[in-house]
Amino acid sequence: MSIDHQNTPQSKKERYLTFFLGDEQYGIAIERIKEIIAMMKITSVPKIPSYMRGVINLRGSIIPIVDTRLRFEMPFRDADMHTAIIIVEVEKVNIGFIVDRVEEVVSIDASNLSEPPRFGGQIDTDFISAVAQIEENVVMILDVLKLFEADEIINLAEIQNKQAEGV
Amino acid sequence: MISQEELRAIFIEEATEIVEKLDVDIIRFEENSNDFELLNEIFRGVHTLKGNSNAFGFTRLGEFVHHFEDLLDYYRSTKERIEANNLELFVESVDVVKEVMECELNSIKELPRSYSVCLEKIKKLLDAKKNKNPSLIQSESREVLNNLALEFDELPLFPDEDTLEQSIKIHQAMQTEALNLYKIVLTLDGDCYKRGFDHFIFLKILGEQAKSLESFFSMKNVQTIEDFQSTQNSIDKVDIVALTPLVYGEVEEIFEFLFDHEYKITPIQAPPPPQKETEKEAETLFKSASNNNTEIVSNTNINAPKSTIRIDTYKVDELFDSVGELVIAQNFIAQNREIRSIENETINRTIEVLSKITKKIQDRVMSLRMVAIKDTFEKMKRVVRDTSKKTGKEIHLIIQGEDTEIDKTMIDSLSDPLIHIIRNAIDHGLESCGDERVSIGKSAEGTLTLRAFHKSGNIVISVSDDGRGINKERVFKKAIERGIVNEGENLTDSQIFALIMQPGFSTAEAISDLSGRGVGLDVVKTSIEKLRGKIEIESKEGEGTTFSIILPLTLAIIDGMLVQVGNETYIIPTLCVVESFRPEKEIVHIVKGKGEFVTLRKECIPIVRLSEVFNLDIAKSEPWENILVCVETDSGRIAIMIDELLGRQQVVIKTLGKSLSKVKEISGGAILGNGDIALILNVDALRPQSETSHVRD
């Protein structure tokens, strides 16, 4: 099936879920997204980076939650009726990202993606893998892996290694 | 269609099981070498292993097992008493089988030296025995020739139903009470060679055990030489008529590597009553039938197959997870205030029933993961035997509670710690020689007791020896020398005993004069802690030592104490809780620069404020206004200060996800009845750093 897919003209189009933080629009590749849920009770966990808000109980699974605003060093904002949690799979682990508002799913042709700008904007460009123009708006495509600090990624790998050794 | 990889995996799994069983059986047999039923059992295991390893091209293993089988078969059929030194050879052979299998599985070219040595010994012994008993061998080989003659001579190559029927009739005439007649139809797929299968191996195996075997190959699809394809099988059907002492199940076993549709075994005449199951070799039967009939009858019931299915543990785990969620959801309903306020008898009763059923399902699913510890204990017999031989100490092993059930995942990681402890007990625990024991009024033979039992929601596995016990002063002195404790420290007996499990504490010099093995008890401790268990040591000088491994019933559920601090709910594993109390103002002390302490029965215990460790935003209050929960940690007791005790509950442990697992103080989370998450405290990480620094290397 995947071979067919590559041969069709639409193949260069990738689908992204877009959402807002303040006035800025971001996108995450749709394959990574498990589900979108409404804001729910978050249990705080001590001694974790401030942008990690804690954990939630998603139908029996405990899932860590990142406040995307705080991660991007934007001011904290109380949840309202639009606030949503996007559950994203990162390195085989589900992680929830709190966003201000979920917008839509868009198809973006690979040719419309461009290199992220090296300056300006409110956030560190490391998180942004590409920028796309959709009508009036600029959508910043996020690299979810980079949303975690380098040492955390190493940590993930370490934990996996340890588990592998343990077995 | 099953791939070769999968087949290989099945082979490995089965072979490992067989070898493990052999290992246990051979020791049991060593204890009682008159138990020919057990010898039969061993023979069957070796036999299956032979068939399997040849089918998978593990020829070196096959070759060895083949000779070993011959040897076993000799004793099995002659019922000759086995000489002690030959018994040793049996045990050795099982070891070689283990090693060779390791080599085969890892494709190691070089075989261990013991392989050829042991094989040579087997062959020699076999030759010696056969020369003594030539008649047996000759009749056997003649039989093989007869079979060959039957197979190839005077038979039409193209079978039709008539000749098949005829053959069955002939065989029926030959049939005696001890022989069963089967019609077996093999349906062979065109690509069966590609699967690496030569179906005729099965024919060969069956032939070896049959009185007479006739086979009819369907040649109607065979191509001419021009169309011949070496990878294509064109014999699509083979009819076999076999007259054999094997019972249906045994015949089926031979073909069990084939797919169900590939073979069909039809017993001609109804399958005989089980009394007719006998020795596999007809010759044996003729020899023994006259005097051993009754014994054979009694053997059969023991071999009745147990009906079991294999399930991937992953599936059981998934089921277990779902049931955990079911329990949580059920608790939610049972505890929900709004639902409880409904005054409707039917609803209330239904909720009641629901909770009972849920509990039942939980118990049953839990029991799926539980296995008796018996097999592990059986393995330990071997360890005791070997260690006993190596140290030259005579040991009487007592095993109790081998039917105690324990989580399968725990069983697997329990063997190594147990081996460590047992070796330790024999090597260091027991007196170095019988005379020494006799001189202090003990029996020359040391006693080692292996026990498993339930104790307040936990499983305890204990290893006790009646040796010299632990010398507290020497341990304490050694610990001071190694810088593990400070000179002035006031330790309880159990704390002193626990020192021998600290890393860097060499047991060899301190406890016994025998040294050199370097058994690291700290490794044992760590692996037991990984299973959320703990080790307790009791010892009386001159009387012996008991190591108790205390484990939770299962890995997935812990018994937890729910406590409240500020607005947060935490869970303290009940296993480590010593007591909880509201302290008097008088017993709380503040030591400058070191923090707060509470004196409990002359023991000075540091107080840990969760609000400080976790930077919680709550008003500071005094310890005597709160409750202290005294817990046992790696490095001594601490008193955790909490606002309130909420209760005790069994909770399903969940990880917080990899990104949060670096928070040392938290070992996981659990979902409570109301859907909230409570964090489980890792008490070992709560002790203030300044206190622990000297204990941790």
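What you are looking at is a predicted structure, and each value in this text was computed from that prediction instead of being measured.

Parameters and conventions
Residues numbered from 1 in each chain as written. Chains lettered and ligands numbered in written order. Predicted model: local features only at pLDDT ≥ 70, side-chain atom pairs only at ≥ 80, totals over all residues. Heavy atoms only, no water. Helix = DSSP H or I, 4+ residues; strand = E, 2+ residues; numbered from the N terminus. Buried < 20%, exposed > 50% of the residue type's maximum accessible area, 1.4 Å probe, protein only. Contact = heavy atoms within 4.5 Å. Areas by Shrake-Rupley, 256 points an atom, 1.4 Å probe, with all protein chains shown as cover. Salt bridge = Lys/Arg side-chain N within 4 Å of Asp/Glu carboxyl O. Pairing = 2+ DSSP bridges. Axes fitted to C-alpha atoms, helices over the stretch in contact; angles between N-to-C directions. Patch = residues over 30% accessible without salt bridge, like charges linked within 9 Å, V, L, I, M, F, W, Y side chains within 5 Å. Phe/Tyr/Trp six-rings, centres within 6.5 Å; stacked < 30°, edge-to-face > 60°. Lys NZ or Arg CZ within 6 Å of the ring centre and 35° of its normal. Core = buried A, V, L, I, M, F, W, Y, C linked by side-chain atoms within 4.5 Å. Arc of directions from axis to C-beta. pLDDT = per-residue confidence, 0-100. Expected span 1.5 Å × (residues − 1). Disulfide = S-S within 2.5 Å. Parallel < 35°, antiparallel > 145°, perpendicular 65-115°, else oblique. Left-handed = near helix turned anticlockwise from the far one by under 90°. Nonpolar A, V, L, I, M, F, W, Y, C, P; charged D, E, K, R; others polar.

Focus on the overall build of chain A
In step 1: Counting secondary structure elements, chain A contains 3 helices and 11 strands.
In step 2: Starting at the N terminus and ending at the C terminus, chain A contains elements arranged as α-β-β-β-β-β-α-β-β-β-β-β-β-α.
In step 3: Taken across its 167 residues, chain A has 44% of its residues classed as buried.
In step 4: Within chain A, contacts between residues at least 6 apart in sequence are counted, and of these 54% link residues at least 24 apart.
In step 5: Accessible surface, chain A as shown: approximately 9500 Å² in total, 49% of it carbon and sulfur.

Details of the pattern of salt bridges
Close approach of charged atoms lets side chains of opposite charge pair.
Residues and elements named next belong to chain B.
In step 1: Counted under the stated rule, the structure contains 40 salt bridges over all chains.
In step 2: Salt-bridge contacts for Arg385 lead to Glu88; the nearest nitrogen and oxygen are separated by 3.3 Å. Of this pair, Arg385 sits in helix α14 (residues 374-391) while Glu88 is found in helix α4 (residues 84-105), placing the two residues 297 residues apart along the sequence.
In step 3: Looking at Glu88, the relative accessible area reads 31%, which means it is partly exposed.
In step 4: We note a salt bridge from Lys525 to Glu529, for which the minimum N-O separation is 3.7 Å. One end of the pair is Lys525 and the other is Glu529, both in helix α20 (residues 521-530) and 4 residues apart, which spans about a single turn.

Brief notes about the sheet that holds strand β8 (residues 446-455) of chain B
Residues and elements named next belong to chain B.
In step 1: Here 5 strands make up an open sheet; going across it, the order is β6-β8-β9-β11-β10 and the pairing mixed. Two strands close off the open sheet at either side, each with one partner strand: β6 (395-400) and β10 (534-540). Ignoring strand direction, the axes of neighbouring strands in this sheet form an average angle of 15°.
In step 2: Alignment of β10 against strand β11 (residues 544-552), held across 7 bridges, turns out to be antiparallel. Along β11, the bridge assignment pairs Lys534 with Ile550.
In step 3: α14 contacts β6, β8 and β9 (458-465) of the sheet and is inclined by roughly 170° relative to β6.
In step 4: Across the sheet, helix α15 (residues 408-429) touches β6, β8, β9 and β11, and the angle it forms with β9 is around 25°.

Details of a nonpolar patch on the surface
Residues and elements named next belong to chain B.
In step 1: Together, Leu326, Val353, Ile357 and Ile361 give the surface a local cluster of nonpolar side chains, amounting to about 300 Å² of exposed area.
In step 2: Of all the elements, helix α13 (residues 345-368) adds the most residues to the nonpolar patch, at 3 residues.
In step 3: Under the relative-accessibility criterion, Ile357 is labelled partly exposed at 45%.

What to know about the sheet that holds strand β2 (residues 24-29) of chain A
Residues and elements named next belong to chain A.
In step 1: Here 6 strands make up an open sheet; going across it, the order is β8-β1-β2-β11-β10-β9 and the pairing mixed. At either margin of the open sheet sits one strand with a lone partner, and together these are β8 (101-109) and β9 (113-114).
In step 2: Two strands pair when backbone bridges link them, and β9 and strand β10 (residues 128-134) are joined in this way by 2 bridges, in the antiparallel orientation. Paired with Leu113 across the bridge in β10 is Ala132.

Some thoughts on the packing of aromatic side chains
In step 1: Evaluated as defined, the whole model comprises 9 aromatic pairs over all chains.
In step 2: Consider the rings of A:Phe19 and A:Tyr26, whose centres lie 5.8 Å apart with planes at 25°: the pair is stacked. Of the two residues, A:Phe19 and A:Tyr26, both sit in the buried class.
In step 3: Here the aromatic rings of B:Phe29 and B:Phe90 are separated by 6.5 Å at their centres, their planes lie at 15°, and the arrangement is stacked. Taken together, the residues span a long stretch of sequence, with B:Phe29 in helix α1 (residues 4-31) and B:Phe90 in helix α4 at a distance of 61 residues.
In step 4: When its relative accessible area of 0% is taken as the criterion, B:Phe29 is described as buried.
In step 5: In this structure an aromatic cluster arises from ring pairing among B:Phe29, B:Phe64, B:Phe68, B:Tyr74, B:Tyr75, B:Phe90 and B:Tyr115.
In step 6: The ring of A:Tyr51 carries A:Arg71 above its face, with NZ or CZ at 4.4 Å from the centroid.

Some words on the nonpolar core
Residues and elements named next belong to chain B.
In step 1: Counting 59 residues, the largest nonpolar core has Tyr570, Ile572, Phe614, Val631, Ile640, Leu681 and Leu686 as its most contacted members.
In step 2: Among all residues touching Val631, those that are not within four sequence positions of it are Ile572, Cys576, Val577, Val578, Gly636, Arg637, Ile638, Ile640 and Val683.
In step 3: Formed by 44 residues, the second largest nonpolar core is a distinct cluster that contains Leu7, Phe90, Val91 and Val94.

Quick notes on α20(B)
Residue and element names in this part refer to chain B.
In step 1: Within α20 the residues assigned to the buried category are Leu521, Val524, Lys525 and Ile528. Seen end-on, α20 carries its buried residues on one side only, within an arc spanning 100°.
In step 2: Just downstream of α20 lies Arg532, where phi reads positive at about 60°.

Some words on the side chain of B:Gln330
In step 1: As for its placement among the helices and strands, B:Gln330 is situated in helix α11 (residues 313-335).
In step 2: By relative accessible area, B:Gln330 is classed as buried at 8%.

Here's the deal with the confidence of the model for chain B
Residues and elements named next belong to chain B.
In step 1: Across chain B, the average pLDDT comes to 76, with 82% of residues at 70 or higher.
In step 2: Scored below 50 in pLDDT, residues 153-159 makes 8 contacts in the model with residues more than four places away or belonging to other chains.
In step 3: Within the model, pLDDT remains below 50 along residues 509-519, and this stretch shows 29 contacts once partners closer than five positions in the same chain are excluded.

Focus: α14(B)
In step 1: For α14(B), spanning 18 residues, the distance from its first C-alpha to its last is 26 Å, which sits close to the expected 26 Å at 1.5 Å a residue.
In step 2: Immediately beyond the C-terminal end of α14(B), within one or two residues, lies B:Gly392, with a positive phi of roughly 70°.

Looking at the state of the cysteines
In step 1: Under the criterion given, the structure shown has 0 disulfides over all chains.
In step 2: The thiol sulfur of B:Cys630 is not disulfide-bonded, and the nearest other cysteine sulfur, from B:Cys576, lies at 9.9 Å.

Observations regarding the side chain of B:Thr404
Residues and elements named next belong to chain B.
In step 1: As for its placement among the helices and strands, Thr404 is situated in the loop between β6 and β7 (405-407).
In step 2: The class of Thr404 is buried, set by a relative accessible area of 11%.
In step 3: If we ignore the near neighbours within four places in the chain, the residues touching Thr404 are Val371, Ala372, Ile373, Ala452, Phe453 and His454.

Examining the packing of α15(B) against α20(B)
All names here are of chain B.
In step 1: Their axes nearest at 9 Å, the elements α15 and α20 cross at an angle of 150°. When the axes of α15 and α20 are compared, the pair comes out roughly antiparallel. For the pair α15 and α20, the sense of crossing is left-handed. Contacts between α15 and α20 involve Leu414, Pro417, His420, Ile421 and Asn424 from the former and Leu521, Val524, Ser527 and Ile528 from the latter.
In step 2: Of the residues assigned to the contact of α15 with α20, the class counts are 6 nonpolar, 3 polar and no charged.

Description of the pairing of strand β18 (residues 627-633) of chain B
All names here are of chain B.
In step 1: Counting buried positions along β18 yields 6 of 7 residues, so the element is predominantly enclosed.
In step 2: Pairing between strand β14 (residues 577-581) and β18: 4 bridges, direction antiparallel. From the neighbouring strand, Ser580 faces β18, where its bridge partner is Val629.

Structural notes on the environment of A:Ile95
Residues and elements named next belong to chain A.
In step 1: Within the element layout of this structure, Ile95 appears in strand β7 (residues 93-99).
In step 2: Classification of Ile95 by relative accessible area gives buried; the value is 3%.
In step 3: Sequence separation of Ile95 and Val55 is 40 residues, and the distance between their C-alpha atoms is 9.3 Å.

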